[in-house]
Amino acid sequence: MNGNSVHHLLGAYLLGGLTPDEARGFEEHLARCPDCRTELEALESLPALLDAVPRSDAVALTVAGTAGLPADPAPDSVPQKALVELSHRQRTSRRRWAACVGAVAAACLAVGFLAGPLVNQPPQPDATYSVQSGDGLQLKVGMVKKNWGTELAVEGQSMPREGTLYLWVKGRDGAEERTCGWTATSSGRIRITGATPVQLAGIAGVELRDASEKTVASISVP
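Below you will find a few notes about this structure.

1. Some remarks on helix H4 (residues 34-42)
- The set of residues buried in H4 consists of Cys36, Arg37 and Leu40. Each buried residue of H4 sits inside an arc of 100° when the element is viewed along its axis, so together they form one side. When the buried face of H4 is taken as reference, the exposed residues oriented beyond 90 degrees from it are Asp35 and Thr38.

2. Digging into the pairing of strand S2 (residues 138-146)
- Examined bridge by bridge, strand S1 (residues 127-132) and S2 share 6 bridges and lie antiparallel to one another. Its bridge partner lying in S2, Ala127 is registered against Met143.
- Count of turn residues in the S1/S2 antiparallel hairpin: 5 residues, of which Gly136 carries a positive phi of about 100°.
- Both S2 and strand S3 (residues 149-157) contribute to a ladder of 9 bridges, which runs antiparallel. Looking at the pairing, Lys146 lines up with Gly149 of S3.

3. Observations concerning the packing of aromatic side chains
- In the structure shown here, the tally under the stated rule is 0 aromatic pairs.
- The aromatic ring of Tyr166 is capped on one face by Arg178, whose charged end is 4.3 Å from the ring centroid.
- If you follow Arg209 out to its NZ or CZ, it ends over the ring of Trp168, 4.6 Å from the centre.

4. Things to note about the pattern of salt bridges
- Enumeration according to the criterion identifies 5 salt bridges in this entry.
- Between Asp21 and Arg24 there is a salt bridge, and its shortest N-O distance comes to 2.1 Å. Residue Asp21 and its partner Arg24 are located together in helix H3 (residues 20-32), separated by 3 residues, close to a single helical turn.
- Classification of Asp21 by relative accessible area gives exposed; the value is 55%.
- A relative accessible area of 46% means that Arg24 is categorised as partly exposed.
- A salt bridge links Arg209 to Glu176, with the nearest nitrogen and oxygen atoms 3.2 Å apart. Of this pair, Arg209 sits in strand S7 (residues 203-210) while Glu176 sits in strand S5 (residues 176-183), placing them 33 residues apart in sequence.
- For Arg209, a relative accessible area of 6% corresponds to the buried category.
- In this structure Glu176 comes out as partly exposed when scored by relative accessible area, which is 42%.

5. Topic: the packing of H3 against H4
- It is the contact of H3 with H4, at a shortest axis distance of 6 Å, that shows an interaxial angle of 105°. Considering their axes alone, H3 and H4 lie roughly perpendicular with respect to each other. Between H3 and H4, the residues in contact are His29, Leu30, Ala31 and Arg32 and Pro34, Cys36, Arg37 and Leu40, respectively.
- Among the residues making up the contact of H3 with H4, the classes are represented as 5 nonpolar, 1 polar and 2 charged.

Conventions and cut-offs
Residues numbered from 1 in each chain as written. Predicted model: local features only at pLDDT ≥ 70, side-chain atom pairs only at ≥ 80, totals over all residues. Heavy atoms only, no water. Buried < 20%, exposed > 50% of the residue type's maximum accessible area, 1.4 Å probe, protein only. Helix = DSSP H or I, 4+ residues; strand = E, 2+ residues; numbered from the N terminus. Arc of directions from axis to C-beta. Pairing = 2+ DSSP bridges. Phe/Tyr/Trp six-rings, centres within 6.5 Å; stacked < 30°, edge-to-face > 60°. Lys NZ or Arg CZ within 6 Å of the ring centre and 35° of its normal. Salt bridge = Lys/Arg side-chain N within 4 Å of Asp/Glu carboxyl O. Axes fitted to C-alpha atoms, helices over the stretch in contact; angles between N-to-C directions. Parallel < 35°, antiparallel > 145°, perpendicular 65-115°, else oblique. Contact = heavy atoms within 4.5 Å. Nonpolar A, V, L, I, M, F, W, Y, C, P; charged D, E, K, R; others polar.

Following this line, the structure appears as structure tokens:
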């Protein structure tokens, strides 16, 4: 999968309409694509809002949203079929997914849901770990569980002021992965977001390393 070919799958993934193989492939893409992760996070509350939309509004707006799509062999069955697909979040036509997501958003606005405050809240870490070295270096890593892996919110003070630094994730299976990197700042302060396909429960620790892969700071995850 490449970015252009899988981006359109985001709506289907959000509402549970991909096959297991498609979902695994999309989650691998999410771990590498910050744009898709940002868009997914902005829409994470949409399924809950969908469940709250009155049935009559969902049917009316979904039928209106799919008006320009090819008709099914039995047009009279479209409203009932659309409602069932919305309720179970299972759709096989990706063009229909795009229409349904738009219809649900319109329905939420029509019945007065304030979606903005819900979707704009920054994610809260599920776990936070930190370390302070003898020379004053401070490193804090917040970890947020995601369906596709783990998002890492990295903050540092009194960091090395030269060179390039990288954050590595060490898995409980012994595997290691470089998740993000940055150029050292003159202030010694950094704030950056990284991502790994490793689930939070599978992370054994993180390490701050320089360009030669020498460990600068290390955090163990119990």
